[in-house]
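# Understanding the architecture of this molecule
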Amino acid sequence: MALSAVVLWMPLAQAAPGTPASESRQDSTEQVLQALRADSAAASARDSQRLAELLDDREALDAALAEARESLAAASERREALEARQAEQQQRLAELSQRRDSEVGDLDGVYDVVRRHVGELRDALGESWLTVGGGARLPQRLDEQGLLDVATLQALNESLVALTVQSGRGVRFTAPVADSEGKVAPREVIRLGALSAFSEGQLLRQPDGEGPLAVAERTPTSVTEKLLAFQQGEGDVIALDPTQGEILAALAQQPSLWQRFQQGGAVGYVIVALGVAGLLVALAQYVYLLVVSLRLRRQLREPETLRDDNPLGRVLTRFDALGEGHAPEALEARLDEAILAEQPRIERGQPIVKLIAAIAPLLGLLGTVTGMIVTFQSITTFGTGDPKLMAGGISQALVTTVLGLITAVPLLFANTALSSRSRELVGVLEGRASAMLADHLESRRAAPESRRHAAPA
């Protein structure tokens, strides 16, 4: 029986009974119900009519039933034929298996051993260089239900002999190679047995799947030089990776100096900036002290000529400008004042260098603390299942400590050198000034005595 589907839609807001809108909605609902009843009655009438027509046509029903019975009989006969064929094939299979067992005998065990060793060989040499550039191929895998025949043994023997020969040969050939940027171009490749392969001074790694050969992520400079010389026929020393790529993988994961520096984060940048500034200040001041030392030595060689380009010349010039008639204490105070005026330029930069040398390890400790905070936050969020998530914080903690120590140690040496050089210059100034003052006082004391000796004469 077919039923007509009627979609009823009524607004959510209802008007008050008795209003015109409410009356219109009731009329429309009654009309929909009447239409639904009419459709149901029409569908029932059509179904009743069809059923009556089928019941009246007895001949058509009998014909349809006979046709269905014939189809069932044909299907049953086909099923019986297929079952008989299946039984016959199973019987033949059992006979063949029994014949195979009687004829093959112990070869079944031999075949299983050969099949297992072939699989292990393919797994072991799946990423070997023996099959690259030399024509050798790995033996084909054997089926579990196969038979051990002469052709299989010959093919296995040829594969093993070819692989053995290639393991002791160096082969030069041309093949497409992908560089570090992914560009593929034909290159001359040298393969040395099953140990390694290289091209243009760069070690190669085998592709993933069916792709071309690829350049290793990182080849040390010393190794590159040896490989280039060997490929060009100018050297007889090569570098090999006996670990089948494990050393290359470790070198590829080892960060460079710039990457190490970046692991220090913001604190590392601050430490390095302060260290560079401190070293520049120390270098500039040390050069200045060297120039002052040279000028001071020239002044000591020529004491009669006073120059203004060195501290000693300026101190002696101020002392000579004092004139006569001053008390010894006043002269000594004037000399001390002149020397103290020269000391700031001689000791310039030392406080800054000393301060940076003291701050650098503290900043390294600050970076260590912040790195450990980042590490513990990663542990809190992701747990300890993946150590790579904690590597960033640990790297920052260690790198900042190293940067702080590396910055502090040279600055301490620089500060010591500046201090010793400045103390030497100040000592020379004080010594020469004291000698000048002593000579001046002795000359003043000797003048009256000479006059007294001259008066009786």
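Provided above is the structure to which this section pertains.
Residues numbered from 1 in each chain as written. Predicted model: local features only at pLDDT ≥ 70, side-chain atom pairs only at ≥ 80, totals over all residues. Heavy atoms only, no water.

### What about the sheet that holds strand β2 (residues 184–192)?
Ordered in space as β1-β2-β3-β4-β5, the 5 strands form a closed barrel in which the pairing is mixed. Neighbour to neighbour, the strand axes of the sheet diverge by 50 degrees on average, direction disregarded. Pairing between strand β1 (residues 170–178) and β2: 9 bridges, direction antiparallel. In the sheet register, Arg172 faces β2, and the bridge partner there is Ile190. Sitting on the sheet, helix α5 (residues 221–231) is in contact with β1, β2, β3 (196–199) and β4 (202–205), with an inclination near 80 degrees to β3. (Pairing = 2+ DSSP bridges. Helix = DSSP H or I, 4+ residues; strand = E, 2+ residues; numbered from the N terminus. Axes fitted to C-alpha atoms, helices over the stretch in contact; angles between N-to-C directions. Contact = heavy atoms within 4.5 Å.)

### Things to note about the nonpolar core
In this structure, Ile346 and Leu425 are the most contacted members of the largest nonpolar core, which totals 16 residues. Broken down by secondary-structure element, the contributors of at least two residues to this core are α8 (265–301), α9 (311–320), α11 (350–382) and α12 (388–454). Looking at which element gives the most residues to this core, the answer is α12, with 6 residues. Leu425 has contacts with Leu289, Val292, Ser293, Leu296 and Ile346, leaving out every residue within four places of it along the chain. Ranked by size, the runner-up nonpolar core spans 11 residues in total, among them Val171, Phe173, Ala175 and Leu204. (Core = buried A, V, L, I, M, F, W, Y, C linked by side-chain atoms within 4.5 Å. Buried < 20%, exposed > 50% of the residue type's maximum accessible area, 1.4 Å probe, protein only.)

### Brief notes about the packing of aromatic side chains
Summed over all chains, the structure comprises 1 aromatic pair. Summarising the aromatic geometry, the rings of Phe198 and Phe230 are spaced 6.2 Å apart at their centres and angled 65 degrees between planes, so their arrangement reads as edge-to-face. Here Phe198 is found in strand β3, whereas its partner Phe230 is found in helix α5, with 32 residues between them in sequence. Across from the ring centre of Tyr288, 4.7 Å away, lies the NZ or CZ of Arg348, which sits over that ring. (Phe/Tyr/Trp six-rings, centres within 6.5 Å; stacked < 30°, edge-to-face > 60°. Lys NZ or Arg CZ within 6 Å of the ring centre and 35° of its normal.)

### Quick look at helix α4 (residues 150–166)
For α4, which comprises 17 residues, the first-to-last C-alpha distance of 24 Å matches the rise-based estimate of 24 Å (1.5 Å per residue) to within 8%. Buried within α4 are the following residues: Leu156, Ser159, Leu163 and Gln166. Axial view of α4: buried residues confined to an arc of 100 degrees, hence all on one face. In α4, the exposed residues that point more than 90 degrees away from the buried face are Val150, Glu158 and Thr164. (Expected span 1.5 Å × (residues − 1). Arc of directions from axis to C-beta.)

### Structural notes on the environment of Ala239
Relative to the elements of secondary structure, Ala239 occurs in the loop between α5 and α6 (246–253). As for Ala239 and Thr224, which are separated by 15 residues in sequence, their C-alpha atoms are 8.8 Å apart. For Ala239, the residues in contact, after removing those within four places along its chain, are Ser196, Leu203, Val223 and Leu227.

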